[in-house]
Amino acid sequence: MTSSGPTATGVSAWAAGLLVLLPVPMLGSLAAGGAMVAAYGSLSRQGPLAKANAASARRWGMVFLLVSTGLLVLQLALSVPRLFGTPEPVGFLPLGIPIILYVLVCVVHLVVVVRGILQARRGEVVRLPFARSAT
């Protein structure tokens, strides 16, 4: 009597998105996005469900990686010249908008990742929010 193991669902690709919780500032978002993209390679060979869920995790990881990195670069581009410029006091809000958006993007990422993990564990194909399904 041979029994095959549980069906691969691709949940590990979505779980890699939890690396955003790393306690190293800004490194967590790079690690999470990169790990979600990298997980597709091995999971794409483990069955159609794992491949579909890994593909949606890869798409979300790429979007998250691009948006979060772009916001961090924008924050640096706005902040670094202030270090060497005029010493006038400036409030947080004009220059802090990119970092506020970065935090919001990370919160949205956590919600999408937890939703993806739960759906993949149930054996469902994860559909991305704000995206049309690829049929």
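Just so you know, these numbers come straight off a predicted model, no measurement behind them.

### Focus: helix α2 (residues 27-43)
Here is step 1 of the chain: With 17 residues, α2 extends 24 Å between its outermost C-alpha atoms, agreeing within 8% with the 24 Å of an ideal straight helix rising 1.5 Å per residue.
Here is step 2 of the chain: Of the surrounding elements, those touching the buried residues of α2 are α1 (11-15), α3 (48-84) and α4 (92-121).

### Details of the nonpolar core
Here is step 1 of the chain: Ranked by internal contacts, the top residues of the largest apolar core, which has 24 residues, are A13, W14, M36, W60 and F64.
Here is step 2 of the chain: Mapped onto this core, the elements with two or more residues apiece are α1, α2, α3 and α4.
Here is step 3 of the chain: Tallying contributions element by element places α3 first for this core, with seven residues.

### Some words on the packing of aromatic side chains
Here is step 1 of the chain: Per the stated rule, a full pass over the model turns up zero aromatic pairs.
Here is step 2 of the chain: Here the guanidinium or amino end of R58 rests over the ring plane of Y40, the centre of that ring lying 4.0 Å away.

### Considerations on the side chain of Q75
Here is step 1 of the chain: Relative to the assigned elements, Q75 resides in helix α3.
Here is step 2 of the chain: Classification of Q75 by relative accessible area gives buried; the value is 14%.
Here is step 3 of the chain: For Q75, the side chain forms a polar contact with the main-chain nitrogen of I99, separated by 3.1 Å.
Here is step 4 of the chain: Beyond its immediate stretch of four places on either side in the chain, Q75 contacts L95, G96, P98 and I99.

### With respect to the packing of α2 against α3
Here is step 1 of the chain: Look at α2 against α3: their axes get within 8 Å of each other, and the N-to-C directions meet at 155 degrees. Comparing the axis directions of α2 and α3 gives the class roughly antiparallel. In the packing of α2 onto α3, the handedness of the crossing is left-handed.
Here is step 2 of the chain: Classifying every residue of the contact of α2 with α3 by side-chain character gives 15 nonpolar, six polar and two charged.

### Focus on the environment of A39
Here is step 1 of the chain: Within the secondary structure, A39 is located in helix α2.
Here is step 2 of the chain: Its relative accessible area of 15% is what places A39 among the buried residues.

### A closer look at the environment of G96
Here is step 1 of the chain: With respect to the secondary-structure elements, G96 resides in helix α4.
Here is step 2 of the chain: Here G96 falls in the buried class, since its relative accessible area comes to 1%.
Here is step 3 of the chain: It is 8.8 Å that separates the C-alpha atoms of G96 and S79, two residues lying 17 residues apart in sequence.

The rules behind each value
Residues numbered from 1 in each chain as written. Predicted model: local features only at pLDDT ≥ 70, side-chain atom pairs only at ≥ 80, totals over all residues. Heavy atoms only, no water. Helix = DSSP H or I, 4+ residues; strand = E, 2+ residues; numbered from the N terminus. Expected span 1.5 Å × (residues − 1). Contact = heavy atoms within 4.5 Å. Core = buried A, V, L, I, M, F, W, Y, C linked by side-chain atoms within 4.5 Å. Buried < 20%, exposed > 50% of the residue type's maximum accessible area, 1.4 Å probe, protein only. Phe/Tyr/Trp six-rings, centres within 6.5 Å; stacked < 30°, edge-to-face > 60°. Lys NZ or Arg CZ within 6 Å of the ring centre and 35° of its normal. Polar contact = N/O pair within 3.5 Å; in protein donor to acceptor, adjacent residues only side chain to side chain. Axes fitted to C-alpha atoms, helices over the stretch in contact; angles between N-to-C directions. Parallel < 35°, antiparallel > 145°, perpendicular 65-115°, else oblique. Left-handed = near helix turned anticlockwise from the far one by under 90°. Nonpolar A, V, L, I, M, F, W, Y, C, P; charged D, E, K, R; others polar.

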